[in-house]
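A closer look at the structure
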Amino acid sequence: RRVGGGAYGEVFKADWNMSDVAVKRLTVHRCEGDELETQTTQFQNEVQLLARARHPNVVQLSGVVVDDPSFLCLLMELVPRGRSLRKLLDAAPEKVTGSESMQLKLAHGIAAGMAYLHGRTPPMLHHDLKSENVLIGENIDGFVPKIADFGLATGTGGSTVRTTREKGAGTLEYKAPELFRGKPFTTACDVYAFGI
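Notes on the structure in this doc start here. (Residues numbered from 1 in each chain as written. Predicted model: local features only at pLDDT ≥ 70, side-chain atom pairs only at ≥ 80, totals over all residues. Heavy atoms only, no water.)

1. Brief notes about the overall build of the protein chain
The helix and strand tally for the protein chain stands at six helices and eight strands. Helices and strands in the protein chain line up, N terminus first, as β-β-β-α-β-β-β-α-α-α-β-β-α-α. Residue pairs in contact within the protein chain that sit at least 24 positions apart in sequence constitute 56% of those at least 6 positions apart. Accessible surface, the protein chain as shown: approximately 10600 Å² in total, 54% of it carbon and sulfur. (Helix = DSSP H or I, 4+ residues; strand = E, 2+ residues; numbered from the N terminus. Contact = heavy atoms within 4.5 Å. Areas by Shrake-Rupley, 256 points an atom, 1.4 Å probe, with all protein chains shown as cover.)

2. Considering the pattern of salt bridges
Tallied over the entire structure, the rule returns five salt bridges. Here Lys-13 and Asp-20 are joined by a salt bridge, their closest N and O atoms 3.8 Å apart. According to the relative accessible area criterion, Lys-13 is partly exposed, its value standing at 30%. Residue class for Asp-20 comes out partly exposed when judged on its relative accessible area of 47%. With its nearest N and O atoms 3.1 Å apart, the salt bridge here joins Lys-146 to Glu-77. In this pair, Lys-146 is assigned in strand S8 (residues 142–147) and Glu-77 in strand S5 (residues 71–77), connecting sequence segments 69 residues apart. (Salt bridge = Lys/Arg side-chain N within 4 Å of Asp/Glu carboxyl O. Buried < 20%, exposed > 50% of the residue type's maximum accessible area, 1.4 Å probe, protein only.)

3. Considerations on unusual backbone geometry
Thr-121 connects to Pro-122 through a cis peptide bond whose omega is -5°. The residue Pro-122 is located in the loop between helix H4 (100–118) and strand S7 (134–139) in this model. In this model, Asn-17 sits at a positive phi of 55°, which is unusual for a non-glycine residue. Topologically, Asn-17 is positioned in the loop between strand S2 (9–16) and strand S3 (19–26). Take Asn-17: its relative accessible area is 60%, and that puts it in the exposed class.

4. Some thoughts on the pairing of S3
Where S2 meets S3, eight bridges bridge the pair, whose relative direction is antiparallel. Bridging from a neighbouring strand, Phe-12 pairs with Val-23 of S3. Joining the antiparallel neighbours S2 and S3 is a turn of two residues, in which Asn-17 adopts a positive phi near 55°. Sheet analysis places S3 next to S5, joined by six bridges and oriented antiparallel. Directly across from Ala-22, in S5, lies its bridge partner Met-76. (Pairing = 2+ DSSP bridges.)

5. Focus on the pairing of S8
Successive residues of a regular strand alternate their side chains across the two faces of the sheet. Counting buried positions over the six residues of S8 gives five, a clear majority of the element. In this sheet, S8 lies alongside S7 in antiparallel orientation, the contact comprising six bridges. Note that in S8 the partner of Gly-137 across the bridge is Val-144.

6. Focus on the packing of aromatic side chains
The final tally for this structure, using the stated rule, is zero aromatic pairs. A cation over an aromatic ring shows up here: Lys-175 above the ring of Phe-180, its NZ or CZ 5.9 Å from the ring centre. (Phe/Tyr/Trp six-rings, centres within 6.5 Å; stacked < 30°, edge-to-face > 60°. Lys NZ or Arg CZ within 6 Å of the ring centre and 35° of its normal.)

7. Details of the packing of H4 against helix H6 (residues 187–195)
Running from amino to carboxyl end, H4 crosses H6 at an angle of 170°, the nearest separation of the two axes being 11 Å. Relative to H6, H4 is oriented roughly antiparallel. Taking contact as the criterion, the partners of Ala-107, Ile-110, Ala-111, Met-114 and His-118 in H4 are, on H6, Thr-187, Asp-190, Val-191 and Phe-194. Here the residues of the contact of H4 with H6 are counted per class, giving six nonpolar, two polar and one charged. (Axes fitted to C-alpha atoms, helices over the stretch in contact; angles between N-to-C directions. Parallel < 35°, antiparallel > 145°, perpendicular 65-115°, else oblique. Nonpolar A, V, L, I, M, F, W, Y, C, P; charged D, E, K, R; others polar.)

8. Side note on the nonpolar core
Membership of the largest hydrophobic core comes to 31 residues, with the highest contact counts inside it found for Leu-106, Ile-110, Leu-129 and Ile-136. Elements supplying a minimum of two residues to this core: S3, helix H1 (33–51), S5, helix H2 (85–91), H4, S7 and S8. Among the elements that line this core, the one with the most residues is H4, at five residues. Once you skip the residues sitting within four places of it in the chain, Leu-129 turns out to touch Ile-110, Met-114, Val-134, Ile-147, Tyr-174, Asp-190, Ala-193 and Phe-194. Grouped together as the second largest cluster of nonpolar side chains are five residues, Leu-125, Ala-176, Leu-179 and Phe-185 included. (Core = buried A, V, L, I, M, F, W, Y, C linked by side-chain atoms within 4.5 Å.)

Rendered as structure tokens:
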């Protein structure tokens with residue numbers, strides 16, 4: 001069942017090994033020969049980095065489908081309820097803006113997830129951190145933010161399977177000023193997006 005989509009693919013809810021998962025079918029660029037081999041190698045390297053990322057505030061990668069280079073899918077953790085922070089703020093802003101403890105809990109969870117990603121070797125950069133890419137799950141303690149939708153941008157300078165409009169890709173409103181001056185994407189750019 002289709003549950004969402006964006007610039008980099010569609011997301012479906014599916015059953016895998018008797019568990020619900022989110023299946024993200026990636027939109028890939030058509031290429032041939034050496035370019036296809038390079039793209040495939042970079043995709044595999046990026047998936048290996050994501051597969052090793054384990055944090056309660058980061059959506060978990062469970063597997064990939066790579067049988068056909070034009071049909072790449074990621075099997076991801078399905079976040080119960082799975083609405084984004086942006087949707088929560090639009091639908092029920094008082095649940096967040098009316099509670100300082102909720103604001104701190106959400107901010108702390110996002111910051112903890114990003115600190116974990118940036119602390120990896122090599123650092124994992126998000127490239128598109130924004131309220132739409134933070135899913136809100138629930139547990140017995142209430143809302144739990146989960147960083148999602150990396151677009152496979154796990155290293156500096158963009159990714160192999162996403163459109164790189166400028167260095168670092170991402171959403172214009174969340175871009176750090178240095179990216180407009182042609183500087184490379186760094187952890188500081190993710191921190192700037194977190195601040196926005």
